[in-house]
Amino acid sequence: MKKFTCIILMLLLWLPGCSGDQPGASSEVLITDVILIDGTGSDPQVGVDIRIADGRIAEIGPDLSAASGSETIDGSGKYVIPGLIDAHVHMDAPIVFQLTPEEKTRVVENNPRAFLYNGVTTVLNVSSDVDWIFEQRQAEREGRLLSPRLYVMGRSFTPVDGWGSRHGGALADADAAVARAQDYISRGTDGFKVIIEDGLGASGTYMRMSEDMMMAISRIAWENDVPIYTHAINLDEFHSAVAMSSTAIVHGLEDPIPPGDTILQDMVENNVMFVPTHSLWEAFLRHDEAAADLNDPILRGSVPHFLLDYMQDPEYRAEETRRFLAVADMPVYQWAEDKIPIFSENILKAHQAGVIVATGTDAGGPVGFNFQGYNLPWEVKLFVQAGMTPMEALVAATRNGAMVIGVEDQLGTVEAGKLADLLILSDDPLDDIENIRKIETVVYKGKAYPRSEFAYQPTETGE
Ligand SMILES: [Zn+2]
């Protein structure tokens, strides 16, 4: 917002503050004597203070002084990392198939808190109901909705009978794709999500997007400087994703990379980033062992309890399995079992080749245990299990996520001048990456919240 317009609006509306994208965040916070892991990959800074003012990180250094009236948090012995970024979510996805509309509403309404509770302060929402998701973004930006920062883009581009066409809005031809793109551009879209997968594995269950349609989308994206987030799974589709100038590929690579294949170098040279959604494949089969059969207190702070009760019922789970098999239309569980080691290996290969790799979960899609918010720390842990160091995995979950969204000048690291989204942890995440679940305080848009403030509140009936 221009400063002048802002002042006029303040006078007209008697707004308490006018810091543009920081509604309500005018107070100062001083966090003292922390160990700062800033998200750039540099060594931790020990014993520093962080001063936050007007929603931004004003200053980092030893012995900073607090302005009068500011909130001071004693951070001695604690660790600060940037707020986490999930670069592949669906805020309106219900996690399971079998909910009533009322139950679905309860899950969806809880999702923003579920992310914040798990330290996820920014998300890239790559497909949702169009009107709804743009309104959610507006509400978040105006301070009407307490939610992670939302970057959104309406429904995926997919051809008639393509993957994801069950959500509606499948495209008949390239002209239809261009018309869709123009509509989204007029809404200020943060990207285009393009599905070129034709079904998991070599199934060919779904219609693959034509070259024609891909290139039409690529052209209009390039002309309007809109990022393309591509849903691809196999090697051939990965090459197509590079050819259409994708900003990022937002799923893993299921094929081993044969000797002589240049996909990773092509991704580096063309600045195509990688969001492998590894916890998604794992979630077909299992949940993070931290969830301990869905009784982990942090999981119960993240998800409505009635849903966890359903998921613990073997009959309910069997029906979920049946419905997922019907949607995938191929032996998806065996496929995941076979492919998970390859997916994992490709994360490390991409990272070692110099591809920017970022965390995303595909949260909410009904595949098994695909929890919003809760699964992002799991994704980070899986990166470490794939062979990254905890520091590299943390950078993937913070700065790299910001790069995928194109907001790395504002978000993703804890540096003076950046927007103030950060987490205070009780234990060292570099010592054990599981410690990113040990969140004490979430500083979001410059305001400090005890984590418990975002916990799921059971209803009177205990759900
Ligand atoms: Zn998705």
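Since we're looking at a predicted model, the values are computed, not measured.

## Some thoughts on unusual backbone geometry
With the exception of glycine, most residues fall at negative phi, and the peptide bonds are largely trans. You will see that Ala-292, though not glycine, has its phi angle at about 40 degrees, which is positive. With a relative accessible area of 45%, Ala-292 lands in the partly exposed category. One non-glycine residue, Leu-294, adopts positive backbone phi at about 70 degrees. One can find Leu-294 in the loop between helix 8 (278-285) and helix 9 (297-300). For Leu-294, a relative accessible area of 3% translates into the label buried.

## Considerations on the nonpolar core
One finds Phe-157, Phe-192, Ile-217, Met-267, Phe-284, Trp-335 and Phe-371 to be the most contacted residues of the largest nonpolar core, which totals 108 residues. Sorting elements by how many residues they give to this core places helix 12 (residues 332-353) first, with 7 residues. Taken domain by domain, the makeup of this core includes at least three residues from each of domain 1 (16-82 + 414-454) and domain 2 (84-405). Apart from residues lying up to four places away in sequence, Phe-371 is in contact with Ile-95, Leu-294, Leu-299, Val-303, Leu-308, Met-311 and Ala-363.

## Quick word on the coordination of the zinc ion
Taken together, His-88 (NE2), His-90 (NE2) and Asp-362 (OD) make up the protein donors of the zinc ion, found 2.0 to 2.1 Å from the metal. Here the donor residues of the zinc ion share one chain and are spaced in sequence as H-x1-H-x271-D. Taken together, the positions of His-88 in strand 6 (residues 84-89) and Asp-362 in the loop between helix 12 and helix 13 (375-386) put the pair 274 residues apart, joining distant regions of the chain. Comparing His-88 with Asp-362, the two get one shared label, buried.

## Quick word on the packing of aromatic side chains
Here the structure, examined in full by the defined rule, presents 16 aromatic pairs. When the ring of Phe-324 is compared with that of Tyr-333, the centres are 5.9 Å apart and the planes differ by 85 degrees; the resulting orientation is edge-to-face. Residue Phe-324 is classed as buried on the basis of its relative accessible area, which comes to 6%. Ring geometry for Tyr-449 and Phe-454: centres 5.0 Å apart, planes at 45 degrees, overall tilted. In this pair, the class of Tyr-449 matches that of Phe-454, namely buried. Members of the aromatic cluster, each reached through a chain of ring pairs, are Trp-281, Phe-284, Phe-324, Tyr-333, Trp-335 and Phe-343.

## A word on the sheet that holds strand 7 (residues 120-125)
Strand order in the open sheet made by the 3 strands is 6-7-8, with parallel pairing throughout. The sheet terminates laterally at strand 6 and strand 8 (149-152), the two strands that pair on one side only. Averaged over all pairs of adjacent strands, the angle between their axes in this sheet comes to 15 degrees, without regard to strand direction. Alignment of strand 6 against strand 7, held across 4 bridges, turns out to be parallel. Residue Val-89 lies in a different strand from strand 7, and its bridge partner there is Asn-125. In the packing of helix 2 (residues 101-117) onto the sheet, the strands contacted are strand 6 and strand 7, and the crossing angle to strand 7 comes to about 130 degrees. The sheet strands contacting helix 3 (residues 130-141) are strand 7 and strand 8, and the helix crosses strand 8 at an angle near 150 degrees.

## Comments concerning the confidence of the model for the protein
Confidence in the prediction of the protein, expressed as mean pLDDT, is 92, and 94% of residues score 70 or more. Counted against residues more than four places away or in other chains, residues 1-26, with its pLDDT under 50, gives 24 contacts.

## Overview of the domain arrangement of the protein
Examined at the domain level, the protein breaks down into domain 1 (16-82 + 414-454) and domain 2 (84-405). Between domain 1 and domain 2, the C-alpha centre-to-centre distance is 28 Å. Taking both sides of the interface into account, the surface hidden between domain 1 and domain 2 amounts to around 2,600 Å²; carbon and sulfur atoms contribute 63%. Interface area lost by domain 1 to domain 2 is led by Ile-433, Arg-437 and Phe-454, which between them contribute 30%. Linking domain 1 with domain 2 are 4 salt bridges. Of the charged contacts, one joins Lys-445 and Glu-140 as a salt bridge, the two residues approaching to 2.4 Å between their closest N and O atoms. Viewed at the interface, domain 2 and domain 1 are joined by 10 residue pairs in polar contact (both at pLDDT 80 or more). Among the elements of the structure, strand 5 (79-82) and strand 14 (439-444) are those that each provide at least two residues to the side of domain 1 that touches domain 2.

## Concerning helix 11 (residues 314-328)
Here helix 11 is 15 residues long and its end C-alpha atoms lie 21 Å apart, about the 21 Å a rise of 1.5 Å per residue gives. Turning to helix 11, its buried residues number three or more, namely Tyr-316, Arg-317, Glu-319, Glu-320, Phe-324 and Ala-328. Here the buried residues of helix 11 occupy an arc of 165 degrees about the axis, which is enough to place them on one side. Away from its buried face, by an angle of more than 90 degrees, helix 11 presents the exposed residues Pro-314, Glu-315 and Ala-326. For helix 11, the elements touching its buried residues are helix 8, helix 10 (305-311) and helix 12. The opening residue of helix 11, the one whose side-chain oxygen lies 2.9 Å from the backbone nitrogen of Glu-315, is Asp-313. At the C-terminal side of helix 11, Asp-329 shows a positive phi close to 60 degrees.

## So, the environment of Ala-397
With respect to the secondary-structure elements, Ala-397 resides in the loop between helix 14 (390-396) and helix 15 (399-405). On the basis of relative accessibility, which here comes to 0%, the residue Ala-397 falls in the buried class. Between the alpha carbons of Ala-397 and Asn-271 there is a distance of 18 Å; along the sequence they are 126 residues apart. If near-sequence neighbours (up to four positions away) are discounted, Ala-397 is found in contact with Gly-83, Leu-84, Ile-85, Thr-359 and Val-380.

About the criteria used
Residues numbered from 1 in each chain as written. Predicted model: local features only at pLDDT ≥ 70, side-chain atom pairs only at ≥ 80, totals over all residues. Heavy atoms only, no water. Buried < 20%, exposed > 50% of the residue type's maximum accessible area, 1.4 Å probe, protein only. Helix = DSSP H or I, 4+ residues; strand = E, 2+ residues; numbered from the N terminus. Core = buried A, V, L, I, M, F, W, Y, C linked by side-chain atoms within 4.5 Å. Domains from an automatic or database assignment. Contact = heavy atoms within 4.5 Å. Donors = N, O, S within 2.8 Å, 3.2 Å for Na, K, Ca; no water. Phe/Tyr/Trp six-rings, centres within 6.5 Å; stacked < 30°, edge-to-face > 60°. Pairing = 2+ DSSP bridges. Axes fitted to C-alpha atoms, helices over the stretch in contact; angles between N-to-C directions. pLDDT = per-residue confidence, 0-100. Buried area = accessible area lost by both parts, 1.4 Å probe. Salt bridge = Lys/Arg side-chain N within 4 Å of Asp/Glu carboxyl O. Polar contact = N/O pair within 3.5 Å; in protein donor to acceptor, adjacent residues only side chain to side chain. Expected span 1.5 Å × (residues − 1). Arc of directions from axis to C-beta.

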